[in-house]
Amino acid sequence: MQCTHAEKLIPLFAGDDLPARETDALRRHLKSCGNCRRLAAEFEESLDWLRGLAAPQFDEAMLDGMRDSVLRDVGRIENRARWLQWIVPGLNLRFAFATSLALLLIGALLGLVINRRQSPHDPKSNRAEARKGGSDQVKLPPGKKLDGQTNDDKQAASRKTDRRKFRREPINREPSESPQTEERMAEPDLITQNMDTGEFTSDQSAAANPEDADMDASRDMLRIEIQTADPNIRIIWFAPKSNAAPSK
Amino acid sequence: MEIALMAEKIEGQDESRDREGEVAAAARLIIRAKAGDMTAFDQIITNHQRRVISLAWRLLGNREDARDAAQETFLRVYKSFGRFDPAQDFNGWLYRIAVNVCRDLARKRRGDHFSLEAEVESGAIAEPASPHNTESAAMLAQEQAILMRALATLPEKERAAIVLRDLEGMDTEEVAKILGSSPTTVRSQISAARVKIKAFRERFLKRGAVRIVRP
């Protein structure tokens, strides 16, 4: 055995940690090598020195205090566990996981349902919001301007934007109907829906409006007007009357 | 001659019977504690607390930390009883938990240097062999402090390996099981630790800082 190899084995040899075969080989080498023998003696001395490290004496009071503290903590854990068992009998981790997952799913579904009910595409909620918006307007003193407009102008504009006008669609009637009805059908009223109140009003003056003069020229056409949110844009749609006599 | 041999044999049988009885009693205690018997658990703490706290002190080098580590060890034992197989070696399992707790605590307090001077002053390290000889007691305390310092210079795994092997007197296979390593790795760690301890001691001996006084 070489000294370099023996030097590697000596620390383990000093503590009897070498397998029997290597121990025998090293013993044979130590018999013939003084340096390695001295090194082995030094390691044994060092190990004895280390083994002299006795643990301090821990007094009984300290040990009792530690034990009491552990038992107190264990009692607390037990109480908590008992309380949980009382709430959910046979509670285990799988059950807790499944329950929390189910609750999460239910919550998500409820959230989805509520969200759908309050969807902005819903005409009812739109009307409600519009109503709310109308009533919640900031009241400024007269003459005060908000974004360069007077308070009155603002209100007028909002009323105008909420208003939609359309013609009542003529209904197909039987020929036996009274002539008054036919006349009424020939000159349809202008129906106005006020978005503020949601009421429909028949506007006779609108029919006599010079704007609608072309109506007279095309009595056999149905005119539908839709006032958009922009007061400057009005959609006018002419459609042939369904009850108009076909030209044969 | 024959009678003496027979007497020895009977004594040996008695001893092994006593040991078997102790093992069986310990196993019964563990099973009772596992079933939630607090008296049994209390008994287990009483039986093992000194060894656990000593191990923690050797690994952490501080009395207060050792106390905290021992406390946490028994709490973890209680929490993990459900996973413990009574056929397993309880001592090995307990030591494994204790070493892990000490490792966690040491990591938590990595920034803090353990104060050997404070330990010596508090009398934790000094263990006077002859109370009448104060000088020898002081020297012994100093020696112990240097030993603790030597252990503190070792890396975490080497320290755990050498404490379990050379100070707790476990064999390499047991140490390997506790540390979750192979026996070869543990042997290598022990060897490296012994070389470092020897070098540390020689450095102090050369400086004349240590005069080894054996009672």
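As a convention, each chain's residues are numbered from 1 in the sequence order in which they are written. In the order they appear in the text, chains get letters beginning with A and ligands get numbers beginning with 1. Predicted model: local features are reported for residues with pLDDT of at least 70 only, side-chain atom pairs are reported and counted for 80 or more only, and whole-chain, interface and lining totals are derived from all residues. Side-chain metrics in this entry use all non-hydrogen atoms of the structure; hydrogen atoms and water are not considered.

### Section: the overall build of chain B
Item 1. The way it works is that DSSP assigns letters per residue, a run of H or I at least four long becomes a helix, a run of E at least two long becomes a strand, and they are numbered from the N terminus. When helices and strands are tallied, chain B shows nine helices and zero strands.
Item 2. Traced from its N-terminal end to its C-terminal end, chain B shows the element sequence α-α-α-α-α-α-α-α-α.
Item 3. Residue burial is assigned from relative accessible area. The probe radius is 1.4 Å, only protein chains are included, and a residue is buried under 20% of its type maximum, exposed over 50%, and partly exposed in between. For chain B, the proportion of its 215 residues judged to be buried stands at 44%.
Item 4. Whether two residues touch is decided by their heavy atoms; if any such pair falls within 4.5 Å, the residues are in contact. In chain B, of all internal contacts separated by at least 6 residues, the share reaching a separation of at least 24 is 64%.
Item 5. Surface accessibility follows the Shrake-Rupley procedure with a 1.4 Å probe radius. Residue values consider only the protein chains on display as shielding. Of the roughly 11700 Å² of accessible surface on chain B, 51% is carried by carbon and sulfur atoms.

### Some thoughts on the overall build of chain A
Item 1. Per the secondary structure count, chain A includes 10 helices and seven strands.
Item 2. Scored against the burial criterion, the 248 residues of chain A give a buried share of 25%.
Item 3. Here the analysis covers contacts within chain A between residues at least 6 apart in sequence; of these, 43% occur between residues at least 24 apart.
Item 4. Carbon and sulfur atoms make up 55% of the accessible area of chain A, which amounts to about 17900 Å² in all.

### What about the packing of helix α7 (residues 156–167) of chain B against helix α8 (residues 172–179) of chain B?
All names here are of chain B.
Item 1. One way to put it is that α7 packs onto α8 with a least axis distance of 10 Å and a crossing angle of 140°. The pairing of α7 with α8 is recorded here as oblique in orientation. In this structure, the crossing between α7 and α8 has a hand that is right-handed. Contacts between α7 and α8 pair Lys 157, Ala 160, Ala 161, Leu 164 and Arg 165 from the former with Thr 172, Val 175, Ile 178 and Leu 179 from the latter.
Item 2. Looking at the contact of α7 with α8 residue by residue, the class counts come to six nonpolar, one polar and two charged. Throughout, an axis means a line fitted to C-alpha atoms (over the contacting stretch in the case of helices), and angles, computed between N-to-C directions, take values from 0 to 180 degrees. When describing relative orientation, an angle under 35 degrees is termed roughly parallel and one over 145 degrees roughly antiparallel, while 65 to 115 degrees is termed roughly perpendicular and anything else oblique. By convention, the crossing between two helices is left-handed when the near helix turns anticlockwise from the far helix through less than a right angle, and right-handed when the turn is clockwise. Classification convention: Asp, Glu, Lys, Arg as charged; Ala, Val, Leu, Ile, Met, Phe, Trp, Tyr, Cys, Pro as nonpolar; all other residues, Gly among them, as polar.

### A few points about a nonpolar patch on the surface
Item 1. Patch membership requires more than 30% relative accessible area and the absence of a salt bridge. Residues of like charge join within 9 Å; the nonpolar side chains Val, Leu, Ile, Met, Phe, Trp and Tyr join within 5 Å. Just to be clear on terms, a salt bridge is a Lys or Arg side-chain nitrogen sitting within 4 Å of an Asp or Glu carboxyl oxygen. Taken together, the side chains of Leu 103, Ile 106, Leu 110 and Ile 114 of chain A present a nonpolar region at the surface, about 410 Å² in accessible area.
Item 2. The exposure class assigned to Ile 114 of chain A is partly exposed, which follows from its relative accessible area of 48%.

### Section: the interface of chain A and chain B
Often, the extent of an interface is quoted as the loss of accessible area upon association of its parts.
Item 1. Tallying the contact residues gives 36 residues for chain A and 44 residues for chain B.
Item 2. Here Arg 201 of chain B ties to Glu 45 of chain A by a salt bridge, and the two come within 2.9 Å at their closest N and O atoms.
Item 3. A 3.5 Å cut-off defines polar contacts: any pair of N or O atoms within that distance qualifies, except that in protein one atom must be a possible hydrogen donor and the other a possible acceptor, and neighbouring residues in sequence count only when both atoms are side-chain atoms. Counting every contact that joins chain A to chain B gives 12 residue pairs in polar contact (both at pLDDT 80 or more).
Item 4. Counting only elements with at least two residues in the side of chain A that touches chain B, the list comes to α1 (3–14), α3 (34–51) and α4 (60–87) of chain A.
Item 5. For the side of chain A that touches chain B, the leading source of residues is α4 of chain A, giving 13 residues.
Item 6. Taken together, the residues that form the side of chain A that touches chain B break down as 19 nonpolar, six polar and 11 charged.

### What to know about the nonpolar core
Item 1. Within the largest apolar cluster, 83 residues are counted, with the highest numbers of intra-cluster contacts made by Phe 41, Phe 81, Leu 151 and Leu 164 of chain B.
Item 2. Once you skip the residues sitting within four places of it in the chain, Leu 151 of chain B turns out to touch Leu 50 and Leu 53 of chain A together with Arg 58, Arg 159, Ile 162, Val 163, Leu 167 and Ile 197 of chain B. The definition of a nonpolar core used throughout is a set of buried Ala, Val, Leu, Ile, Met, Phe, Trp, Tyr and Cys residues joined through side-chain atoms within 4.5 Å.

### What about α3 of chain A?
Item 1. The terminal C-alpha atoms of α3 of chain A lie 26 Å apart, and with 18 residues this matches the ideal 26 Å at 1.5 Å per residue to within 8%.
Item 2. Those residues of α3 of chain A lying buried are Cys 36, Leu 39, Ala 40, Phe 43, Ser 46, Leu 47, Trp 49 and Leu 50 of chain A. For a helix, the expected span equals 1.5 Å multiplied by the number of residues minus one.

### Comments concerning the pairing of strand β6 (residues 221–227) of chain A
All names here are of chain A.
Item 1. Among the seven residues that make up β6, five are buried, leaving the element largely enclosed by the rest of the structure.
Item 2. As judged from the seven bridges shared by β6 and strand β7 (residues 234–240), these two strands associate in the antiparallel manner. Bridge assignment links Ile 226 to a residue of β7, and that residue is Ile 235.
Item 3. Linking β6 to β7, which pair antiparallel, is a turn of six residues. Strand pairing is defined by DSSP finding a minimum of two bridges between the two strands.

### Details of the side chain of Ser 46 of chain A
Item 1. Its location among the elements puts Ser 46 of chain A in helix α3.
Item 2. Leave out the neighbours within four places in its chain, and Ser 46 of chain A touches Ile 197, Lys 198 and Arg 201 of chain B.

### As for the pattern of salt bridges
Item 1. Taken as a whole and judged by the stated rule, the model has 21 salt bridges over all chains.
Item 2. Residue Asp 17 of chain A is joined to Arg 194 of chain B by a salt bridge in which the shortest nitrogen-to-oxygen separation is 2.7 Å. One end of the pair, Asp 17 of chain A, is in the loop between α1 and α2 (20–32); the other, Arg 194 of chain B, is in helix α9 (residues 183–207), on a second chain.
Item 3. Judged by its relative accessible area of 3%, Asp 17 of chain A is buried.
Item 4. On the accessibility criterion, Arg 194 of chain B (3% relative accessible area) is buried.
Item 5. The partner of Arg 234 of chain A in a salt bridge is Glu 225 of chain A, with the nearest N and O atoms 3.1 Å apart.
Item 6. Salt bridges sharing common partners tie together Asp 17 and Arg 51 of chain A together with Arg 165, Asp 166 and Arg 194 of chain B.

### Some thoughts on the confidence of the model for chain B
Residues and elements named next belong to chain B.
Item 1. Values of pLDDT, ranging from 0 to 100, describe the predictor's confidence in every residue of the model. Per-residue confidence for chain B gives a mean pLDDT of 78; residues scoring 70 or more make up 73%.
Item 2. Within the model, pLDDT remains below 50 along residues 113–117, and this stretch shows nine contacts once partners closer than five positions in the same chain are excluded.
Item 3. The low-confidence segment residues 124–131, where pLDDT is below 50, has 20 contacts with residues more than four positions distant or belonging to other chains.
Item 4. Our summary of model confidence lists the complex with pTM equal to 0.56 and ipTM equal to 0.73.

### A word on the state of the cysteines
Where two cysteines share a covalent bond between their sulfur atoms, that bond is called a disulfide.
All names here are of chain A.
Item 1. When two cysteine sulfur atoms lie within 2.5 Å, the pair is treated as a disulfide. Inspection of every chain in the model, using the stated rule, returns zero disulfides over all chains.
Item 2. Not part of a disulfide, Cys 3 finds its nearest cysteine sulfur in Cys 33, a span of 3.6 Å.
Item 3. On the basis of relative accessible area, Cys 3 is assigned to the partly exposed category, the value being 33%.
Item 4. Cysteine Cys 33 is unpaired, with the sulfur of Cys 36 as its nearest cysteine sulfur at 3.5 Å.

### Things to note about the environment of Leu 164 of chain B
All names here are of chain B.
Item 1. Mapped onto the elements of the fold, Leu 164 is located in helix α7.
Item 2. Exposure remark for Leu 164: the relative accessible area of 1% places this residue in the buried category.
Item 3. Separated by 10 residues in the primary sequence, Leu 164 and Glu 174 place their C-alpha atoms 8.9 Å from one another.
Item 4. Discounting chain neighbours no more than four positions away, the residues touching Leu 164 are Leu 55, Tyr 95, Val 99, Gly 169, Met 170, Val 175, Ile 178 and Leu 179.

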